[in-house]
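The lines below spell out each chain.
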Amino acid sequence: VQLQASGGGLVQVGGSLRLSCADSGRTSRTYVKAWFRQSPGKEREFVAAIGRDYRTHYADSVKGRFTISRDNAKGTVDLQMNSLKPEDTADYYCAADRQIILSEYRQARSYGYWGQGTLVTVSS
């Protein structure tokens, strides 16, 4: 399984960006998909996940501002980011795996497949 993330860029505070992650066509509706982010000097942190049942889960820091969605037919998972803040600046990574239960969604070590990072910079 190969994941390809795109959509990062430079945006001003309060602006919006939409990240997208496409798979190689080998994931299916049985995969849990997620977004994580990492800033320099910090650990990779959970942002959002979407389960097999399309239920969504968010970090408290992005709840109400970010929306994760998936299209199984296209093999994509998107992250719509609104009301961006400087603290949202980071490399964003998409992840997927099918051997995950609900209690593991927020843990980076639970995911076996990762895309390359796409940089999001929010300027003040």
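Above this note sits the structure.
Residues numbered from 1 in each chain as written. Predicted model: local features only at pLDDT ≥ 70, side-chain atom pairs only at ≥ 80, totals over all residues. Heavy atoms only, no water.

Whenever I open this one, empty space enclosed by the protein confuses me. Can you help?
Where empty space is left in the structure can be found by rolling a water-sized probe over the atoms. Summed over all chains, the structure comprises one cavity of 30 Å³ or more. Among the secondary structure elements, those contributing two or more residues to the lining of the largest cavity are strand 3 (17-23), strand 8 (76-81) and strand 9 (90-97). Here the lining of the largest cavity gets three residues from one element, more than from any other, and that element is strand 3. Here the lining of the largest cavity is composed, by residue class, of six nonpolar, two polar and two charged. (1 Å grid on protein atoms, 1.4 Å probe; cavity = no way out; pocket = protein on both sides within 12 Å on 5 of 7 lines; lining within 4 Å. Points joined across faces, edges and corners; volume = space filled by probe spheres on them. Helix = DSSP H or I, 4+ residues; strand = E, 2+ residues; numbered from the N terminus. Nonpolar A, V, L, I, M, F, W, Y, C, P; charged D, E, K, R; others polar.)

What should I look at first to understand the environment of Ile68 in this one?
As for its placement among the helices and strands, Ile68 is situated in strand 7 (residues 66-71). Its relative accessible area of 4% is what places Ile68 among the buried residues. Sequence separation of Ile68 and Lys85 is 17 residues, and the distance between their C-alpha atoms is 18 Å. The contact partners of Ile68, leaving out residues within four places of it in the chain, are Lys33, Ala34, Trp35, Ala48, Ala49, Ile50, Thr56, Tyr58, Val77, Asp78 and Leu79. (Buried < 20%, exposed > 50% of the residue type's maximum accessible area, 1.4 Å probe, protein only. Contact = heavy atoms within 4.5 Å.)

Which parts of the structure should I look at to understand the sheet that holds strand 3?
In a beta sheet, neighbouring strands pair by backbone hydrogen bonds and run either parallel or antiparallel. Ordered in space as 1-3-8-7, the four strands form an open sheet in which the pairing is antiparallel. Every other strand in the sheet has two partners, leaving strand 1 (3-6) and strand 7 as the edge strands with one partner each. Strand after strand, the sheet turns through a mean of 15 degrees between neighbouring axes, direction not considered. Pairing between strand 3 and strand 8: six bridges, direction antiparallel. Note on strand 8: the bridge partner recorded for Cys21 is Val77. (Pairing = 2+ DSSP bridges. Axes fitted to C-alpha atoms, helices over the stretch in contact; angles between N-to-C directions.)

Got a minute to help me understand the packing of aromatic side chains in this structure?
Any pair of aromatic rings gets described here by the distance separating the centres and the angle formed by the planes. Under the defined criterion, the tally for this structure stands at five aromatic pairs. Here the aromatic rings of Phe36 and Tyr111 are separated by 5.4 Å at their centres, their planes lie at 70 degrees, and the arrangement is edge-to-face. Placement of the pair is Phe36 in strand 4 (residues 32-38) and Tyr111 in the loop between strand 9 and strand 10 (113-114), with a sequence separation of 75 residues. Of the two residues examined, Phe36 and Tyr111, each falls in the buried class. Seen in terms of ring centroids, Tyr111 and Trp114 are 6.3 Å apart; in terms of plane orientation they differ by 70 degrees. Their pairing is edge-to-face. In this structure Tyr111 comes out as buried when scored by relative accessible area, which is 5%. (Phe/Tyr/Trp six-rings, centres within 6.5 Å; stacked < 30°, edge-to-face > 60°.)

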